[in-house]
Amino acid sequence: MVREDSITMSMKELKCVHVIRQVMERRLTQVQAGTLVGLTARHVRRLIQRVEREGDQGLAHRGRGKPSNRQIPEKVKAKALKLYAQRYGDFGPTLAAEKLAERHGIAISAETVRGWLRDAGIDHFTRRKRPHRAWRARKAHPGELIQLDGSHHDWLEGRGPRGVLMAYIDDASSRVSARFYEYEGTIPAMDSFTRYIRQHGIPLALYTDRHTTYRATGEPTVAQQLAGETPQSQFERALAELGVTLIHAHSPQAKGRVERLFKTLQDRLVKDLRLAGIATIAAANRFLETWLPRHNQRFAVPPAQAADLHRPRPAGCDLDRLLCLKTTRCLRKDFTIAHQGRLYQIHDTVRAPHVLVEERIDGTMRITHQGRPLGFHAIASRPMKAAEAKKVPRPRHPVTPRPDHPWRTRLWPERITHAAAAGIT
């Protein structure tokens, strides 16, 4: 219990009281006292006069118990809390402070908002303790390692279809590239990686999980076993042709940087999409074109080494030919192939047992042989075979051989005797 006549003083002020008393008792000089408490001798004389007038409480800070001269007006505080309750109820203090300054001109710090919310009994933003995991240093150079993953989330909060955000984050700088797709698969992965290469260049390595898009799960064929090869997904094959090393993580925690990125985006990006009224995946992708540069400016960090290890595209490198679905098909004697349940007629004469079908990201298709494109067209319907008349089988009548037929004479004598005794002719 605190007495009404008690004085609240800090440890620094208590130390100052003790030193000033020593000066007043002539045990210390004013210069020595000033050296001990970090004040000038002139200010020590002022404190001595204050103690003589008011006692020890005269050394207490004059502003204690009084409102700060820089205190935010109650009107501004009330307006900020009202806006938070109306529009930003699920925002954390940091993001709420940003939006109050950006959209309403109320420039206050995140810690001020945190204190106001805590005083109002709002504490849903309190961080939870996370299990400790081994720390891994960042890569030194941009382009040395890029983490890739897809996040399945209700990004539009029911205003539009659910989608997947395919995101790339540079391990050295935390620079982010991302795009929305309807699903996570080979075509979205190839399309997003094509866009990444055109914007930044070809990285040295890509770090992904073990999703079937990024890693083949089938057993090797006999031909692959004989050749000492392992099965590859279409994405693995494309990256191998580009000279990009593909690394598969063994757990979500191993690719923690991109996982933490999705936690940030599922908070900040979702709310910004809500404030902008975005309701389609196409509109969300257009929104990302302006949102991501601001995000990178805020959260990207300078890499340890400035040298960028992204490789430029080689001259004559056609990304559409590399980043596409490639399937080998048997060429029939009538120069047709079967693919995806349809027949295709090849126009060129090819003396080869197989051709290569390339399905592009834009939906077009090419058929090639040893890199040379072949002309073809889809056969609308399979040719119908003429119906053959059914043959009616003739009835078969049993035939009894004559008694002197050679077949009977080939029987052993004893069997003939037994047959004659039995009366068989």
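Residues numbered from 1 in each chain as written. Predicted model: local features only at pLDDT ≥ 70, side-chain atom pairs only at ≥ 80, totals over all residues. Heavy atoms only, no water.

(A) Spatial organisation of the overall build of the protein. Each helix and strand counted, the protein has 14 helices and twelve strands in total. Buried positions account for 35% of the 425 residues belonging to the protein. Within the protein, contacts between residues at least 6 apart in sequence are counted, and of these 63% link residues at least 24 apart. On the protein, roughly 27900 Å² of surface is accessible, and the fraction owed to carbon and sulfur atoms is 53%. (Helix = DSSP H or I, 4+ residues; strand = E, 2+ residues; numbered from the N terminus. Buried < 20%, exposed > 50% of the residue type's maximum accessible area, 1.4 Å probe, protein only. Contact = heavy atoms within 4.5 Å. Areas by Shrake-Rupley, 256 points an atom, 1.4 Å probe, with all protein chains shown as cover.)

(B) Broad picture of the packing of aromatic side chains. Summed over all chains, the structure comprises eight aromatic pairs. With centroids separated by 6.4 Å and ring planes inclined at 10°, the aromatic side chains of phenylalanine 193 and tyrosine 196 adopt a geometry described as stacked. Here tyrosine 196 and phenylalanine 193 lie together in helix α7 (residues 186-200), a separation of three residues that amounts to about one turn. Tyrosine 196 carries the same exposure label as phenylalanine 193, and that label is buried. (Phe/Tyr/Trp six-rings, centres within 6.5 Å; stacked < 30°, edge-to-face > 60°.)

(C) Layout of the pairing of strand β4 (residues 205-208). Here β4 shows no split at all, with Ala205 and Tyr207 on one side and Leu206 and Thr208 on the other all buried. By the bridge criterion, two bridges tie strand β1 (residues 146-153) to β4 in an arrangement that is parallel. Within the sheet, the bridge partner assigned to glutamine 147 lies in β4 and is tyrosine 207. Alignment of β4 against strand β5 (residues 245-248), held across four bridges, turns out to be parallel. Its bridge partner being in β5, threonine 208 is matched across the sheet by histidine 248. (Pairing = 2+ DSSP bridges.)

(D) Spatial organisation of the packing of helix α1 (residues 11-24) against helix α2 (residues 30-37). The N-to-C vectors of α1 and α2 enclose an angle of 170°; their axes lie 10 Å apart at closest approach. The pairing of α1 with α2 is recorded here as roughly antiparallel in orientation. The segment α1 lies against α2, with Lys15, Cys16, Val19 and Val23 engaging Gln30, Ala33, Leu36 and Val37. Taken together, the residues that form the contact of α1 with α2 break down as six nonpolar, one polar and one charged. (Axes fitted to C-alpha atoms, helices over the stretch in contact; angles between N-to-C directions. Parallel < 35°, antiparallel > 145°, perpendicular 65-115°, else oblique. Nonpolar A, V, L, I, M, F, W, Y, C, P; charged D, E, K, R; others polar.)

(E) Looking closely at the environment of threonine 94. Looking at the secondary structure, you find threonine 94 in helix α5 (residues 93-104). Taking the C-alpha atoms as reference points, threonine 94 and threonine 112, separated by 18 residues in sequence, lie 9.7 Å from one another. If we skip the residues at most four places from it in the chain, threonine 94 touches Ala110, Arg114, Arg268 and Arg298.

(F) Spatial organisation of the sheet that holds strand β8 (residues 342-346). An order of β7-β8-β12 is seen for the three strands of this open sheet, with the pairing classed as antiparallel. Two strands close off the open sheet at either side, each with one partner strand: β7 (336-339) and β12 (376-379). With direction set aside, neighbouring strand axes in the sheet form an average angle of 30°. Relative to β8, β7 is paired through four bridges, and the arrangement is antiparallel. Directly across from isoleucine 337, in β8, lies its bridge partner tyrosine 344.

(G) Local environment of α1. Over its 14 residues, α1 runs 20 Å from end to end, which matches the ideal 20 Å to within 8%, given 1.5 Å per residue. Among the residues making up α1, those that are buried are Glu13, Cys16, Val17, Val19, Ile20, Gln22 and Val23. Lining the buried residues of α1 we find α2 and α3 (41-54). Where α1 terminates, the next one or two residues include arginine 26, which has phi positive at roughly 65°. (Expected span 1.5 Å × (residues − 1).)

(H) The arrangement of the sheet that holds strand β6 (residues 325-330) in detail. What the four strands build is an open sheet, ordered β6-β9-β10-β11; its pairing is antiparallel. With one partner strand each, in any of the chains shown, β6 and β11 (372-374) form the two edges of the open sheet. Ignoring which end each strand starts from, the neighbouring axes of this sheet average 40° apart. Summarising the sheet, β6 and strand β9 (residues 354-359) pair through six bridges and their orientation is antiparallel. Note that in β9 the partner of threonine 327 across the bridge is valine 357.

(I) View of the packing of α5 against helix α10 (residues 256-276). Their axes nearest at 11 Å, the elements α5 and α10 cross at an angle of 30°. Crossing hand, α5 versus α10: right-handed. Counting all contacts with α5, which are made through Thr94, Leu95, Glu98, Lys99 and Arg103, the residues of α10 involved are Asp267, Arg268, Lys271, Asp272 and Leu275. By residue class, the composition of the contact of α5 with α10 is two nonpolar, one polar and seven charged. (Left-handed = near helix turned anticlockwise from the far one by under 90°.)

(J) A look at the side chain of glutamate 358. Structurally, glutamate 358 can be placed in strand β9. Judged by relative accessible area, glutamate 358 falls into the buried class, the value being 1%. Not counting residues up to four positions away in its chain, the partners in contact with glutamate 358 are Arg321, Cys324, Leu325, Lys326, Thr364, Met365, Arg366 and Thr368.

(K) Expanded view of unusual backbone geometry. One non-glycine residue, glutamate 157, lies in positive phi territory at about 55°. We note that serine 174 has phi near 65°; this positive angle belongs to a residue other than glycine.

(L) Main features of α5. In a regular helix each residue adds 1.5 Å, so twelve residues correspond to 16 Å; α5 covers 15 Å between its end C-alpha atoms and thus fits that length. Among all positions in α5, only Pro93, Leu95, Ala96, Ala97, Lys99 and Leu100 are buried. On the buried face of α5, the contacting elements are α4 (74-87), α6 (110-119) and α10. The first or second residue beyond α5 is glycine 105, which carries a positive phi of 70°.

(M) Quick peek at the pattern of salt bridges. What the rule picks out here adds up to 18 salt bridges. In this structure, the salt-bridge partner of arginine 257 is aspartate 171, at a minimum N-O distance of 3.0 Å. Of this pair, arginine 257 sits in helix α10 while aspartate 171 sits in the loop between β2 (163-170) and β3 (176-181); the two residues are 86 residues apart in sequence, bridging distant segments of the chain. In this structure arginine 257 comes out as buried when scored by relative accessible area, which is 13%. Since its relative accessible area comes to 0%, aspartate 171 is described here as buried. The shortest N-O distance in the salt bridge between glutamate 358 and arginine 321 comes to 3.2 Å. One end of the pair, glutamate 358, is in strand β9; the other, arginine 321, is in helix α12 (residues 319-322), with 37 residues separating them in the sequence. Note on arginine 321: relative accessible area 26%, which makes it partly exposed. Each of the salt bridges in this network shares a partner with another, and the network as a whole consists of Asp90, Glu157, Arg159 and Arg274. (Salt bridge = Lys/Arg side-chain N within 4 Å of Asp/Glu carboxyl O.)

Function cannot be inferred from these measures alone, as they are strictly geometric.
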